[in-house]
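Analysis of the macromolecular model
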Amino acid sequence: MKEFKPTPIEYSQQRVLTTAQLAEAYKTTTKTITDNFNNNKSRYIEGVHYFCLTGAELKAFKNYTENFGVVNKRTPCLYLWTERGALLHAKSLNTDKAWEVYEFLVDTYFRVREISKLYNEDIYHKLEVLEQKLEMSEKRNVMIYQKLEMSEKRNVIIYQKLEMSEKRNDIIYQELEVLKQKIDDIENNSVIRTDNIINSIEKSITDNLYNVINTLIPAFECIYNKINKSTYILSSKNYKRKRKNK
């Protein structure tokens, strides 16, 4: 059975087989399949066991890309057999081979869509879980980004404050330099003024002393003259006394 791999055909949202595919699977002819249908037509319900395509429906089916080569372009009528239709044909043939093929078709062909649907649902569920995780991750990323923005803003404020502090420090440093210069100037001026004061005092003392001396000199001269005069008078008296005694 592994060698039978029909081209997958879907119609009305379910897997179907053409008469040729069903005949190939059951190892019989298309005529046998057609005869079984015609002989038991009352048992077959269109839309349940088979679909009969004609006119616009058949044309649309033929033009569908995935159905190229499945049916002859000149075919005026196309029968498509569902899983339940394949079951009725297996009952009509009623051979071990037919039943074996039918079970094989159910497991590997007709139920593939359901399996695929379950698989897709599982994938869809996993995808939903991943999307939820992704959404949560994106929210966390947004929060992290917002916190990063806030941190950057704080850093900007801190940087601005540092800049302002540095500017204030520069201003203070400049003011200190000015003060130091003023202090140096004051010290230099103080030394100069002190020297000037000392010189002025020295000059004043010298001038005053000179004036005092100049004032005292005549007095000293007068005293000196008086002393000299008294000495002379005394000397004269002593001389006269000595002569008198002789």
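Before reading further, recall that the structure is shown in the block above.
Here's what I pulled together on the structure shown here. Keep in mind it's a predicted model, so treat the numbers as computed, not measured.

Okay, the nonpolar core next. Membership of the largest hydrophobic core comes to 33 residues, with the highest contact counts inside it found for L22, Y26, L53, F61, L80 and L105. It is helix α5 (residues 96-110) that contributes the most residues to this core, eight residues altogether. Beyond its immediate sequence surroundings of up to four residues, L80 is in contact with Y11, V16, L17, T18, H49, Y50, F51, L53 and F61.

Looking now at the sheet that holds strand β4 (residues 78-81). If you walk across this open sheet you meet the four strands as β1-β2-β4-β3, and the pairing is antiparallel. Looking at which strands have only one partner, the edges of the open sheet turn out to be β1 (9-11) and β3 (50-53). Geometrically, the sheet is characterised by an average inter-axis angle of 45° between neighbouring strands, direction not taken into account. The pairing of strand β2 (residues 14-18) with β4 spans two bridges and is antiparallel. In the sheet register, L17 faces β4, and the bridge partner there is W81.

Any two packed helices are characterised by the angle at which their axes cross and by the distance between the axes. Between helix α2 (residues 30-39) and helix α4 (residues 83-93), the shortest axis-to-axis distance is 10 Å and the interhelical angle comes to 95°. Comparing their axes, α4 and α2 come out roughly perpendicular. Here T32, I33, N36 and F37 of α2 lie close against α4, whose contacting residues are H89, S92 and L93. For the contact of α2 with α4, the class distribution of residues is three nonpolar, four polar and no charged.

We now examine the environment of H49. Looking at the secondary structure, you find H49 in the loop between α2 and β3. For the pair H49 and K27, spaced 22 residues apart in the sequence, the C-alpha separation amounts to 20 Å. Excluding residues within four positions of it along the chain, H49 makes contact with R43, Y44, L80, W81, T82, R84, G85 and L88.

Not every positive phi belongs to a glycine, and S12 is a case in point at roughly 55°. Within the secondary structure, S12 sits in the loop between β1 and β2. Non-glycine residue Q13 carries a positive phi angle of around 65°. Mapped onto the elements of the fold, Q13 is located in the loop between β1 and β2.

Calculation rules
- Residues numbered from 1 in each chain as written.
- Predicted model: local features only at pLDDT ≥ 70, side-chain atom pairs only at ≥ 80, totals over all residues.
- Heavy atoms only, no water.
- Core = buried A, V, L, I, M, F, W, Y, C linked by side-chain atoms within 4.5 Å.
- Buried < 20%, exposed > 50% of the residue type's maximum accessible area, 1.4 Å probe, protein only.
- Helix = DSSP H or I, 4+ residues; strand = E, 2+ residues; numbered from the N terminus.
- Contact = heavy atoms within 4.5 Å.
- Pairing = 2+ DSSP bridges.
- Axes fitted to C-alpha atoms, helices over the stretch in contact; angles between N-to-C directions.
- Parallel < 35°, antiparallel > 145°, perpendicular 65-115°, else oblique.
- Nonpolar A, V, L, I, M, F, W, Y, C, P; charged D, E, K, R; others polar.

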